[in-house]
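Each chain, written out:
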Amino acid sequence: MKVSVRWLRDYVDVPTEDPDELAEVFSSLGHEVEGYEVLDLQFSGVIVGRVEEVSPHPNADKLRLCRVTTGGDPQDIVCGAWNFEAGAIVPVSVPGAVLAGGLEVGVRALRGIESHGMICSAAELGLGDDHSGIMVLDPEVEVGTKFAELVPLPDVVFDLSITPNRPDAMSMLGIARDLGAYYRLPVRIPAGSLIEVEPESRVKVTLEDPHGCPRYVGREVKDVKVAASPLWMQLRLRSAGIRPINNIVDITNYVLLETGQPLHGFDLDHVAGEEIIVRRAEPGETLRTLDGVDRELSVWDLVITDASGVVAFAGVMGGETSEVSDGTTRVLIEAAHFDPPSVMFTAKRHDLRTEASSRFERGVDPNLPGRAAERAAALMVELAGGRAVAGVQDNYPEVIEPWPVELDLKEIPRLLGIELDREVVIDLLSLIGFESTGQNPLVVTVPTFRPDVRRPADLVEEVARIHGYDKIPETLPVGPGGGLTEAQLTERRLRGLMTGLGFSEAQNWSFVGTEDLENLGLSADDLRRRGIAVRNPLRDLEPLLRTTLLAGLLKSVRFNASHGADRLALFEIGKVFLAEPSPIDARIPNQPDRLAFVAVGEFGSPQVKGGHSIADVYTATATWRALVETLGIPDAVLRQGSPAGFHPGRAADVLVGGTIVGSVGELHPAVVRSFGLEGRVAAGELALEPLVASRSWWVFQEPSTYPPVVFDLAFDLDATVPSRALVELVTESAGEWLESVRVFDEFTGPSLGEGRKSIAVQVWFRAPDHTLTNEEVAPHRDRIVNRVEDSLDAHLRGGT
Amino acid sequence: MDQLKTLLATAPDRIQAAPNLEALREVENQLLGRKSLVAESRRSLASLPSEERPVVGAQLNEAHQRLTALIEGRRADLERIAEDGLLLGDRVDVTLPARELRLGWHHLVTQTLDEVADIFVSLGYGVVTGPEVDTAWHNFDALNTPPTHPSRLESDTMYVDYGNPDDELLLRTQTSTMQVRYMEQHDPPVYIVAPGRCYRADTLDATHSPVFHQIEGLAVDENISMADLKGTLAHFMREFLGSERKIRLLPHFFPFTEPSAEMHVSCFNCDGSGCRVCGKSGWIELLGCGVVDPHVLEAVGYDTSKYSGFAFGVGAERLAMVRHGINHIKHFYENDLRVLRQFT
Ligand SMILES: [Zn+2]
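Worth saying up front: this structure is predicted, and the values here are computed from it rather than measured.

(A) Spatial organisation of the overall build of chain B. A count of helical and extended segments in chain B gives eleven helices and ten strands. The C-alpha radius of gyration of chain B comes to 39 Å, more than 25% above the 20 Å expected for a compact globule of 344 residues. Based on the C-alpha atoms only, the size of chain B along its principal axes is roughly 120 × 50 × 45 Å. In chain B, the share of contacts with a sequence separation of at least 24, taken over all contacts with a separation of at least 6, comes to 65%. For chain B, the computed accessible surface area is about 15800 Å², with 50% contributed by carbon and sulfur atoms. Between the averaged position of the 33 positive side-chain charges in chain B and that of its 49 negative side-chain charges there is a distance of 14 Å.

If you want it as structure tokens, here you go:
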């Protein structure tokens, strides 16, 4: 909300001229300062003139020729604006004047006609953003007056962000009330004395929906003369960002800004039957709103109707048929109280946010309409020559009274951490209009302009706010010591390990497209293919929740490749969303954490001299083994497999405790191509939980101080036998002194014959208590060889 | 014996003057060899009177030891020089990056979340995480956000098609859901932080992203007050942005806290005098916080006459952007290696 300090001084004697100090005060009261603007006169030499005559410009359709007097002989002025006619009182920049922005006005020919100055718009005078027409002044202003004398400047205009719990602060008086509380100054509420004339108004108001509209005040003013409103009012409206229209509309807007009560002015001659009915719309009804748009109404829209049909959206916007126009003489001022959800519904449904709806949505004081209507009527009498008609219609079937809230004074130290005496609490609350009685608990009467204050905690907040949050001390409580769980610590180690292996951590948004899941080669019955849809996805955002992290990582790799990066290795830890019930809450989908990684191109430690390795299936399996060994994952197995999306011959299922927890290997070339990449892509995606699950403590094993016996064995065996089977068999057959088995060579070739391969292992034996001899080890070696030859159809090719 | 004195006086220079190991051996031979003064004197010891023998013998031994030590010292030097000479032939350009140990980088979001979590772990808090798709109950109703609240509109919140429509599943808009989920399962006292991913129906601009991360703090205990909130946040800021930091709370509004506040921290760049980082105000608005609204505690069945609490929520990206001068939130999600490698 825009707040002019000069205007504010009508209501409270703001004791500072310093905008920075005032900004601090607003902030400390909870009204965030988005900024402020210091306004001053930006023009000179502008005189009030009267347009005596308007005629077409002989050489230009878009311009008009005006005879304008500023006190002396009329002069010709060419003007491009069309929002005035002869008789208008206007600001004129005569030759020698300087306008906002520094333009010096002279006598100048415009399409062949000499123009002796300009008629000015608000923007040209630095009084607003409005270029749409020239400023038309109140007809009462004397011609020849220096315009600068009429302009209430300098001023400072604050832009305050009012929180949704403070509808009362969306008004000048509400802000003045808070400032008054802060500075302990009285607030002046303007009260015009309204003299009413007989006969009584014939207007009849009916509330068919007292829930949607608990109160409706209708007040008639007749004999108004619609014209420009006084300059001070125009400028105040402009300071608040509202364009002046005419005196009647401006007065309703002015009173709205002053009091916070939205008003509507109807041309009473266009209200059929002089009858107002507030009700919900009926099917098929329509309304052309003031912005010229035809609206189809819903049965939930709360509307104002007359004898002929709908004339306005309640609390949102009026209709064209009953709009106040230049010919209006009888005005019906509407000041009502509407139910916030009804207004919110209509504003949202028709995408209409107005000054009125934004206030009604938050809740306006139900006891304000009478005063606001009276204030508007008084201004129409004073400024538009109107006469207030007796017989105000005030339909208010159930009066909403201020309500009591009990406050146990012990709540102040308990919730704020400060001790305040009862008298201090009573005083602080009285500063914002809350009256207190009783010892303890205090019984606090909350005025109806504060719908947000209903409970003791709400009062505690008000006490804190007016006392000042800065007066609350700082104390530091300490918790019972939760710490990180073992899984959280392990996850951190895992991330450290992945970066240590050369992978950088990525964060991708949690969305995928249907085609991403297709491109990943997931079959139709795969749970990961059935992504959960976002009901209202953002434009430019994929519509499904991710079921795999790989799509995001592959896109990130592609993004980097397109920037010329090589040696791409990324990992991500994050949730995927599966269309099955979550184990923690069956109402929500399962959202397990995953670890995924992708590497393309050179991997590991690049060398200027010498070779490098290209990421492939063994990069993926080595990554898995590094995880297993470093994190100490028990019962981990890597098994040849053909997981979806992976190369059928270069991928593995990985198991922990006999359960598949993910896949590692090279991605299928078709998948690689579909993500715009080429070559081999090493990848893996694993469930995080089994990797970081807590496990029993490992038990220390004393390293032997005796030397080992080491021997190599090379077997010729069927090419389909996995090396893992050989290692397992060797391990199983070796006996108690086995220390380790390591594969160190593998090859195929003509010397071995079709379908055969050679695998060589190095076996280490070591005893804990003595030096082993070759003779001692020999029987074990023989047993290994025999078991391998028998069980795996293998032949020992050589050994040591 | 004068001869011996002269010898001992001149020997150090002779030893040091030996230019190489061969010359040193020659000097050694002259000083300690079979024909040396020391050796000959020893051989003639027997001819001395018996009362002089121990004295002279001791002098000779001492002379032998000193000479030996000097020679060995020189030999060690000459050997090192000789080896260095050989090693020079093995010289390489050490500035050549011939081999690299290529490591990856941790993402700045996880670094930030971990750093904040650690600050609170050191204050005795636990760290909890939970689902990102949650019920409207956990994200709104239990947090005192009524059905008509604008933040529940589809223009603000993303809803998902899953499960029972009555549960109104959504992508959580705040980690405050974990306040509710944790308190549903645990009795007070509660001291937790909850880091995690959140979602809003915001289009991407410099400071808004449909996906972002928050870390939520919650303390519920007997007599937890706004003063405790202030002290805790001041400690957090001093740990995260430097020991000179001050904070201030300004009144604000959130449905789930009462009183509510916005926390501003004194600018770490200008120390409050005003600069580009803080928009000349000297203060940086960083997070929302407040005393937990009684409705929230009631929703999880806590006794509000006995327990009170405070809560705060802060964006991980916001924290990191402020501290590292990152100008656009998109940099957190493009995974551009040129950006990731700055996350040291
Ligand atoms: Zn600064």
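Let us keep going from here.
(B) Here's a closer look at the sheet that holds strand E42 (residues 738-747) of chain A. Residues and elements named next belong to chain A. The strand order E42-E43-E41-E44 describes an open sheet built from four strands, whose pairing is antiparallel. Each of the sheet's edge strands pairs with one partner strand only, and the pair in question is E42 and strand E44 (795-799). Neighbour to neighbour, the strand axes of the sheet diverge by 25° on average, direction disregarded. Of the strand pairs in this sheet, E42 and strand E43 (residues 756-765) are connected by eight bridges, and their pairing is antiparallel. For Val743, the partnering residue across the bridge sits in E43 and is Val761. Strand contacts of helix H19 (residues 723-734): strand E41 (709-718), E42 and E43, with the helix running at about 150° to E42, the strand carrying the most contacts. Across the face of the sheet, helix H20 (residues 774-792) comes into contact with E41, E43 and E44 while running at roughly 15° to E41.

(C) Geometry of helix H11 (residues 422-431) of chain A. Residue and element names in this part refer to chain A. Buried within H11 are the following residues: Val425, Leu428 and Leu429. Buried residues of H11, seen end-on, are gathered within an arc of 95° and therefore sit on one face of the element. Those residues of H11 that are buried are in contact with strand E24 (403-407), helix H10 (411-416), strand E25 (435-437), strand E26 (442-446) and helix H12 (456-467). Of the residues trailing H11, Gly433 is marked for its positive phi of about 90°.

(D) How the structure looks around the confidence of the model for chain B. Model confidence for chain B is summarised by a mean pLDDT of 92, while 100% of its residues fall at 70 or above. For this predicted complex, the interface score ipTM comes out at 0.87, alongside a pTM of 0.86.

(E) Seen up close, empty space enclosed by the protein. This structure, assessed with the given rule, holds three cavities of 30 Å³ or more. Approximately 80 Å³ is the volume attributed to the largest cavity. Taken together, 13 residues form the lining of the largest cavity, with A:Thr163, A:Asn165, A:Arg166, A:Arg465 and B:His252 sitting closest to its centre. Looking at the lining of the largest cavity, the elements that each hand over two or more residues are H12 of chain A together with strand E7 (247-254) of chain B. Ranked by the residues each element gives to the lining of the largest cavity, the list is headed by H12(A), at three residues. Of the residues assigned to the lining of the largest cavity, the class counts are three nonpolar, five polar and five charged. The calculated volume of the second largest cavity comes to roughly 50 Å³. Taken together, A:Ser27, A:Gly30, A:His31, A:Glu32, A:Ser161, A:Thr163, B:Leu250, B:Pro251, B:His252 and B:Glu262 make up the full set of residues lining the second largest cavity. The element that contributes the greatest number of residues to the lining of the second largest cavity is E7(B), accounting for three residues. Looking at the lining of the second largest cavity residue by residue, the class counts come to two nonpolar, six polar and two charged.

(F) Spotlight on the pattern of salt bridges. According to the stated counting rule, one finds 70 salt bridges over all chains in the structure shown. The residue A:Arg359 makes a salt bridge to A:Glu355 at a minimum N-O spacing of 2.8 Å. Within this pair, A:Arg359 and its partner A:Glu355 are both found in helix H8 (residues 355-360), separated by four residues, close to a single helical turn. Among the residues examined, A:Arg359 registers a relative accessible area of 2% and is labelled buried. In this structure, B:Glu168 engages B:Arg152 in a salt bridge whose closest nitrogen and oxygen atoms are separated by 3.6 Å.

(G) Spatial organisation of the domain arrangement of chain B. Once the domains are mapped, chain B shows domain 1 (2-89) and domain 2 (108-343). In this structure, domain 1 of chain B and domain 2 of chain B have C-alpha centres spaced 81 Å apart.

(H) How the structure looks around the coordination of the zinc ion. Residue and element names in this part refer to chain B. Around the zinc ion, the donor atoms from the protein are Cys267 (SG), Cys270 (SG), Cys275 (SG) and Cys278 (SG), and they sit 2.2 to 2.3 Å away. Expressed as a motif, the donor residue spacing for the zinc ion is C-x2-C-x4-C-x2-C. One end of the pair, Cys267, is in the loop between strand E8 (257-266) and strand E9 (283-292); the other, Cys278, is in the loop between E8 and E9, with eleven residues separating them in the sequence. By relative accessible area, Cys267 is classed as buried at 0%. Here Cys278 falls in the buried class, since its relative accessible area comes to 8%.

(I) The arrangement of the state of the cysteines in detail. All names here are of chain B. According to the stated counting rule, one finds zero disulfides over all chains in the structure shown. Free cysteine: Cys198, not disulfide-bonded; nearest cysteine sulfur from Cys289 at 17 Å. For Cys198, a relative accessible area of 0% corresponds to the buried category.

(J) Local environment of the packing of aromatic side chains. One pass over the structure, following the stated rule, counts 21 aromatic pairs over all chains. Ring centres of A:Trp509 and B:Tyr333 lie 6.1 Å apart, and the angle between their planes is 50°; this geometry places the pair in the tilted category. Of this pair, A:Trp509 sits in the loop between strand E27 (504-505) and strand E28 (511-512) while B:Tyr333 sits in the loop between helix H10 (316-324) and helix H11 (337-340), each in a different chain. Look at A:Trp509 and you get partly exposed, because its relative accessible area is 23%.

(K) The interface of chain A and chain B, seen in detail. Counting residues at the interface gives 90 residues for chain A, matched by 98 residues for chain B. With both chains or domains summed, chain A and chain B bury close to 7900 Å², and 56% of this area falls on carbon and sulfur atoms. Contact with chain B buries area across many residues of chain A, yet A:Arg414, A:Tyr469 and A:Gln507 alone supply 10% of it, more than any other trio. Linking chain A with chain B are eight salt bridges. Between B:Arg197 and A:Glu572 there is a salt bridge whose closest N-O contact spans 3.9 Å. Our count for the contact surface shared by chain A and chain B stands at 46 residue pairs in polar contact (both at pLDDT 80 or more).

(L) Spatial organisation of the sheet that holds strand E40 (residues 681-687) of chain A. Residue and element names in this part refer to chain A. Across the sheet, which stays open at both edges, the seven strands sit in the order E27-E31-E34-E40-E39-E38-E37 with mixed pairing between neighbours. The sheet is open, and its two borders are formed by E27 and strand E37 (636-640), each paired with just one other strand. Bridge count between strand E38 (residues 646-656) and strand E39 (residues 659-667): seven bridges; the pairing is antiparallel. Bridging across to E39, Phe646 finds its partner in Leu667. Relative to strand E31 (residues 568-575), helix H13 (residues 486-500) is tilted by about 165°, and along the sheet it contacts E27, E31 and strand E34 (593-600).

Cut-offs applied
- Residues numbered from 1 in each chain as written.
- Chains lettered and ligands numbered in written order.
- Predicted model: local features only at pLDDT ≥ 70, side-chain atom pairs only at ≥ 80, totals over all residues.
- Heavy atoms only, no water.
- Helix = DSSP H or I, 4+ residues; strand = E, 2+ residues; numbered from the N terminus.
- Rg over C-alpha atoms; globule rule 2.2 N^0.38 Å.
- Contact = heavy atoms within 4.5 Å.
- Areas by Shrake-Rupley, 256 points an atom, 1.4 Å probe, with all protein chains shown as cover.
- Lys, Arg positive; Asp, Glu negative; His and termini not counted.
- Charge placed at Lys NZ, Arg CZ, Asp CG, Glu CD.
- Pairing = 2+ DSSP bridges.
- Axes fitted to C-alpha atoms, helices over the stretch in contact; angles between N-to-C directions.
- Buried < 20%, exposed > 50% of the residue type's maximum accessible area, 1.4 Å probe, protein only.
- Arc of directions from axis to C-beta.
- pLDDT = per-residue confidence, 0-100.
- 1 Å grid on protein atoms, 1.4 Å probe; cavity = no way out; pocket = protein on both sides within 12 Å on 5 of 7 lines; lining within 4 Å.
- Points joined across faces, edges and corners; volume = space filled by probe spheres on them.
- Nonpolar A, V, L, I, M, F, W, Y, C, P; charged D, E, K, R; others polar.
- Salt bridge = Lys/Arg side-chain N within 4 Å of Asp/Glu carboxyl O.
- Domains from an automatic or database assignment.
- Donors = N, O, S within 2.8 Å, 3.2 Å for Na, K, Ca; no water.
- Disulfide = S-S within 2.5 Å.
- Phe/Tyr/Trp six-rings, centres within 6.5 Å; stacked < 30°, edge-to-face > 60°.
- Buried area = accessible area lost by both parts, 1.4 Å probe.
- Polar contact = N/O pair within 3.5 Å; in protein donor to acceptor, adjacent residues only side chain to side chain.

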